[in-house]
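Geometric and topological summary
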Amino acid sequence: MYRHAARSTTSKAVKQATTGSGLKFSSSSTFQHSTSHQLLQQEFIATAMRCYASSSAVSKDELLCRVHSMVRAYRNYGHLEANIDPLGLNVPKKGTTIELNPGVYHLKDIESLGTTPVDIDGIVHIGEKTIPKKQATIPEIVDHLRDVYCGNIAAQFSHLETTKEQMWLSKQLESLQADHMTNEEQKRAMSLMVESEAFDHFMAKKFPSVKRYGLEGCESMIYAMDVVFEELANSDISDIILGMPHRGRLNLLTGLLNFPTRALFHKVKGYSEFPEELVATGDVLSHLGVSTELDYHNKKVQLHLLNNPSHLEAINPVALGKTRAKQSHGSNAACILMHGDASFAGQGIVAETFTLSRLPLFRTGGTIHIILNNQIGFTTSPTLSRSTRYSGDVGKMVGCPILAVNAEDVEAVKKVMSISAKYRNKFAKDIIVELVGYRRHGHNELDEPAFTQPKMYQVIRKKPTFPATYTEDLIGKNIVTTEEVQQIKDKCNQYLDAEFKAVEGYKPEKRYFLGDWHNIIQASDFSKLSLPMTGYNIDRLKEIAIFSVKIPEGFNVHKHLEKHHIGSRLQALQKDNKDVNVDWATAEVMAFGSLLDEGYTVRLSGQDVIRGTFNQRHLEFVDQESEKRVLPLLDAIPGARGRFELAQSPLSEFAVMGFEYGYTIDNPNNFSVNEMQFGDFFNGAQIIIDTFINSGEDKWCLCSGMTLLLPHGYDGAGPEHSSGRIERFLQLCDSDINTDELVQKRVNMCVVNCTTPANYFHVLRRQMKRKFRKPLVVFSPKTLLKKKECVSNLSEFDEGTIFQRVLTDDYKHANITKVKKVLFCSGKIYYDLFEERAKKNMENEVMIIRLEQLSPFPFEQLYQVMDKWDKEWMKTVNWTWIQEEHENMGAYTYVAPRLNKAINTVVHGDNRYNLIKYIGRNAASAPATGLKYDHLKEIESIMTAAFKL
Ligand SMILES: Cc1ncc(C[n+]2csc(CCOP(=O)(O)OP(=O)(O)O)c2C)c(N)n1
C-alpha cells in the first residue's frame, strides 16, 4: 500500500504533524496528509509560472530549458504516479502531481510545439538503445516520460550523490523502454512461474499442515532471480552469496538452485537434512541453505544460499562477511540480499549493514537488495509498520537507488533486475529493487488473513493467479501453445511425484567438510583429535614483536609512544631469551604475527581496535607532522605468507559481529577476532551470538573459529564497563555436567578468562591449529594490560608449549596437608588474591587454582591435578569459588556444580556433597556499583573472607 506523503513540510505542517493534527488516521488505516502537499503544490505552481512566463515566441534555448525542467521533474517525481500495486488497491490518481504537468512549464500552451520536433540529445533518451532519437515532439516526450516513470516502475534516484549515477540510471530506464523481451525470455519466465505455482500446489496437497511460506502472489520473483543471476554470471562474477528470509525460499531452492526436491520432501517428513555421520540437531525447513553451480549458457557461477535463523534480517551482515572473505581469497564474489517489506523497514540491522557497505575494510562492491514486497507483514499493514512511502526508503541513507516494480509486469521486472546488476557492477554500490506483489494466503498457509485484512483478501480471492494470466497472455500472443503449457505442467507434476516417491531410501548427501574444509572435522570425532602444539619458535616470535614496532627512518612518532610503547617493547626484547618477559599486547602481536607467518588470514575488527581502547595495542603509528600512517604488521612481516586485515569498525556491534562470523564460516583458515570496546557491548549483537555463533554448528553444520574479545573486570569503571557478562555466555555453552567422559567432546563454544599473556597467545593460536573450529570468547583484561606482574617469560611461548586450561600453585606446597582452603577463581582476581596471600603470609594455608578455561569445563585437567592429592586430606579442605562478580553473575552458578562433581568424584566416587562455598559480591541488579567507595569496600570484604580460615 502506498501512501501519499508530502515530500517536505512547511513549518506549519511540521507543527501539525507533531501535534497530530496534520496526520489523520482514517478507519481504513491509512495516513492522509491534509494540507501540506496542497500548500507545496500551490507554492510550486506560483514559482513555475513566474519562471516560465507564457509566450508564444520562446527562444530555442528557453524551450530546451523548459523541456529539461520537465524531464527532471519526471525523473524526480514520476514515481508518485507509477502503478506498482498489482492488487489495484493503491493506484495513484494520474495527473495529481503538479510537477508532472507539462502546462506548468508552459509546454502545453504553445500550439506549434505539438508538431515541431525539439532537440532532445543529451536531455532525454528515446528510441532504440543503439540508435537513440535526436529529436522528438513535446507530446512524444511526455508520453515517453509517462511510460518510463509513471508506468509499472517507480524509480527513485534523485537522491543519489553523483550526477554521473543519476544520469546513468535515467539513461538505463529511458532507453530500456524500447527493449522488449524475446519470445524465449518470455517462455522462460512463464515456465519458471508455472513450475513455482505447481510446486506450491503440490506442497499444499501433500503436506497441508506444513508452513511453507509459498511464493504465491509474487511468482515473478523466481524469474527476477534468474535474470539477476544470469546478469552476474555474464559479468564474470564467480560466486554469488545469497541471504534471504522464509518467503518463497523453498520455491527458489527447488526451482532454480538445484536443491534436490526429494531432499526437501525428506526433510518435510521429519528426517534429518544431514548424513548420519555428522552430529547436528538441524533446523526448520525454511532455513535450509545450499551451495550450487548455476550454468547460464556456459557462464558458470557458484551460488551460496546461506542458512538463516528466524530472526529477520540478521543474515545480512553475515552474507556480506562471507562475500568479503571470498573476495579476499581472490574470487570475484557478489552479494544479493532478499528481504520482506516489513522487516526491511523495521529492523535496525538493515541500517547498520548499509553503514558497512562503503567502508574500506567491510565493503564488498555493492549488494543487490530485493524486497519481496507483499504489502503486509504477518498481519500488519504498511501504514502501521513504517513511516516511509516505500519499504526500501531506508536505503537513501547511503544514496542507494530504489526501484519499485509491479511484480505482474514481467518486462518491467526484467528491466529493473538487469539494471540492478549493472549498477552494482559499474558503481560498486548497493541498489534496492522492490518487487511489489501480494500474499495469496495468510502469513503461512495455515493462517486466515481475512481476520485482519478482509478487503484486501476479497480482492485477492477473486484475482486469478499471475502464472495463469501471464500464460494466457503468451498463448494469446502466439508465443506458446496451450499444449506446450500443459506439457510443462504435466512434466513438473510427474517430476514432483517421482521425487516424492524417491524419499523412501533417500540418504542425505555429504555436502559438508569439503573443499577448503576438507581437513576439518567435527570436534565430536574425538579419535582424530590431538592437542595442538601452539608454541612457536621464540627467535621468530622476537623478530615479529620487534617488527611490530618498526617505523621508517625519519618518521615522527608521538614522543610518549616512542618511549613507553616502542621503547619499552624493544627494551624487553633485547634481553637474553631467558630474561625476556612479555606483556599482553606483545603476546597478542606475536600470536597474530605467527599466524600470518604460517599463512593464515588474520582479521582484527572492532571499534578503535588499531590503537586499542586501553591504549595498549598501537598497531598503527601516526607521523605527528604529516599524519602519515604506518602499520608495520599490515605492511607484512618479512617472509610472512598470510593476509592481515585490520578493520577499525563503525560504532556497531550487531552488524560487525555478524560480518566477522560470515568471514569465518567461509574458510577455516580465516581467523577473525572481533573486539568489543568494553565487554558489555556484545549485548547489541546478542542475536548474532544466539542464532549463529552459539548454535550454527548444531543447526547447520557450519563451523566457525570466530573469536570475541570482551574486556572484563571489576576496576571501579561502573555498572556497564565492568562486566562482559560471563554468566550469559556460560549459559549458552553446552559443556555437559553429566558426562563421565574426561574430555568434553561436543561443546559448542570455548569460553576463557586467561590471566597470563602466554595463555592468551596460546588460546588465540589454538583457534587455527586445531583440527576443528569452535567459536571462542575471551574475557580479556583491562588493568592487567599494564600490570607489571602480568607478564610471561618467553620460554612459555616456545615450541612444545600449549594452552594451560588450569593453573595451580600446588607444586609450591611442600606439604599439601597444611593447606586449609583451596580458592578456585578465574581472571584478574587471581592477582589480588596472590598479593593478599603474600601480605598475610598465608602461602602454606591457602592454595589458589585458576580456571583459565571455563567452557569446555576442564574436568580432565582438574582430575590430573587432584589425582595426585591425598584423598583423606581432601575431605578436610574448605573448597571455595571466589569471584569479583555478584553472586547472580560471573561464573559461579556454572562452575560450582562442576567443581562439586570433580571433587566428589575424586574423593567419594560419586557426586554426593555440596562442597563449594561462595565468596564474591552479593546478588545485585546492576553488574557493578557506580560508587568508588563501595567498590573498594566490596574488594576489602572479599579479601577478608578469602583468607578467613
Ligand atoms: C526479528 C523478528 N521479529 C519477528 C519475527 C516474526 N515474524 C516472522 S515473519 C514476520 C512478518 C514479516 O513480514 P515481511 O518482512 O513483510 O515478510 P513476509 O512474511 O510478508 O514475506 C514476522 C513478524 C521474526 N521472524 N523476526
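Treat the numbers as computed from the prediction; the structure is a model and nothing was measured.

A common measure of how large an interface is: the accessible area buried when the components associate. The domain boundaries assigned to the chain delineate domain 1 (183-509), domain 2 (538-712 + 753-797) and domain 3 (806-946). Here the C-alpha centre of domain 2 lies 39 Å away from the C-alpha centre of domain 1. Counting from both sides, the interface comprises 32 residues of domain 1 and, opposite them, 35 residues of domain 2. Carbon and sulfur atoms supply 69% of the area buried between domain 1 and domain 2, which totals about 2,600 Å² over both sides. Connecting domain 1 to domain 2 are three salt bridges. The set of elements that each furnish at least two residues to the side of domain 1 that touches domain 2 consists of helix H10 (315-328) and helix H12 (348-356). Per-element accounting of the side of domain 1 that touches domain 2 gives the leading share, ten residues, to H10. Residues belonging to the side of domain 1 that touches domain 2 are distributed by class as follows: 16 nonpolar, ten polar and six charged.

A separate point is the environment of Ile315. Mapped onto the secondary structure, Ile315 falls in helix H10. Sequence separation between Ile315 and Gly599 is 284 residues, and the spatial gap between their C-alpha atoms is 29 Å.

With that settled, consider the site of the ligand. Contacts to the ligand come from 15 residues, most closely from His246, Arg247, Ser310, Asp341 and Ser343. A distance of 2.8 Å separates an oxygen atom of the ligand from a polar side-chain atom of His246. Contact between the ligand and Leu312: a nitrogen atom at 3.2 Å from a main-chain N or O atom of the residue. Against a free-state accessible area of 570 Å², the protein chains account for coverage of 75% of the ligand. Ranked by residue count, the leading element in the shell around the ligand is helix H11 (residues 341-346), at three residues. Split into classes, the residues belonging to the shell around the ligand amount to four nonpolar, nine polar and two charged.

For the rest of this paragraph, the subject is the packing of aromatic side chains. In this structure the tally under the stated criterion is 32 aromatic pairs. Taken together, a centroid distance of 4.9 Å and an interplanar angle of 70° make the contact between Phe761 and Phe797 edge-to-face. You can see Phe761 sitting in helix H26 (residues 757-769) and its partner Phe797 sitting in the loop between strand S22 (792-793) and strand S23 (806-808), a full 36 residues away along the chain. Comparing Phe761 with Phe797, the two get one shared label, buried. Three or more aromatic residues link up through ring pairs in this structure, and these residues are Phe202, Phe207, Phe265 and Phe500. The positively charged end of Lys426 is found above the aromatic ring belonging to Phe427, 5.7 Å away from the centroid.

There is a patch of like positive charges on the surface, built from Lys205, Lys206, Lys269 and Lys501. Within the element layout of this structure, Lys205 appears in helix H6 (residues 183-206). Given the relative accessible area of 62%, Lys205 is considered exposed.

Quick look at the side chain of Asn670 now. By secondary structure assignment, the location of Asn670 is in strand S18 (residues 670-675). On the basis of relative accessible area, Asn670 is assigned to the buried category, the value being 1%. Only 2.7 Å separates the side chain of Asn670 from the side chain of His329, close enough to count as a polar contact. Apart from residues no more than four positions distant in its own chain, Asn670 is found in contact with Ala325, His329, Thr601, Tyr663, Thr664 and Met768.

Here is what the cut-offs are and how they apply
Residues numbered from 1 in each chain as written. Predicted model: local features only at pLDDT ≥ 70, side-chain atom pairs only at ≥ 80, totals over all residues. Heavy atoms only, no water. Domains from an automatic or database assignment. Contact = heavy atoms within 4.5 Å. Buried area = accessible area lost by both parts, 1.4 Å probe. Salt bridge = Lys/Arg side-chain N within 4 Å of Asp/Glu carboxyl O. Helix = DSSP H or I, 4+ residues; strand = E, 2+ residues; numbered from the N terminus. Nonpolar A, V, L, I, M, F, W, Y, C, P; charged D, E, K, R; others polar. Near = heavy atom within 4 Å. Polar contact = N/O pair within 3.5 Å; in protein donor to acceptor, adjacent residues only side chain to side chain. Areas by Shrake-Rupley, 256 points an atom, 1.4 Å probe, with all protein chains shown as cover. Phe/Tyr/Trp six-rings, centres within 6.5 Å; stacked < 30°, edge-to-face > 60°. Buried < 20%, exposed > 50% of the residue type's maximum accessible area, 1.4 Å probe, protein only. Lys NZ or Arg CZ within 6 Å of the ring centre and 35° of its normal. Patch = residues over 30% accessible without salt bridge, like charges linked within 9 Å, V, L, I, M, F, W, Y side chains within 5 Å. Lys, Arg positive; Asp, Glu negative; His and termini not counted. Charge placed at Lys NZ, Arg CZ, Asp CG, Glu CD.

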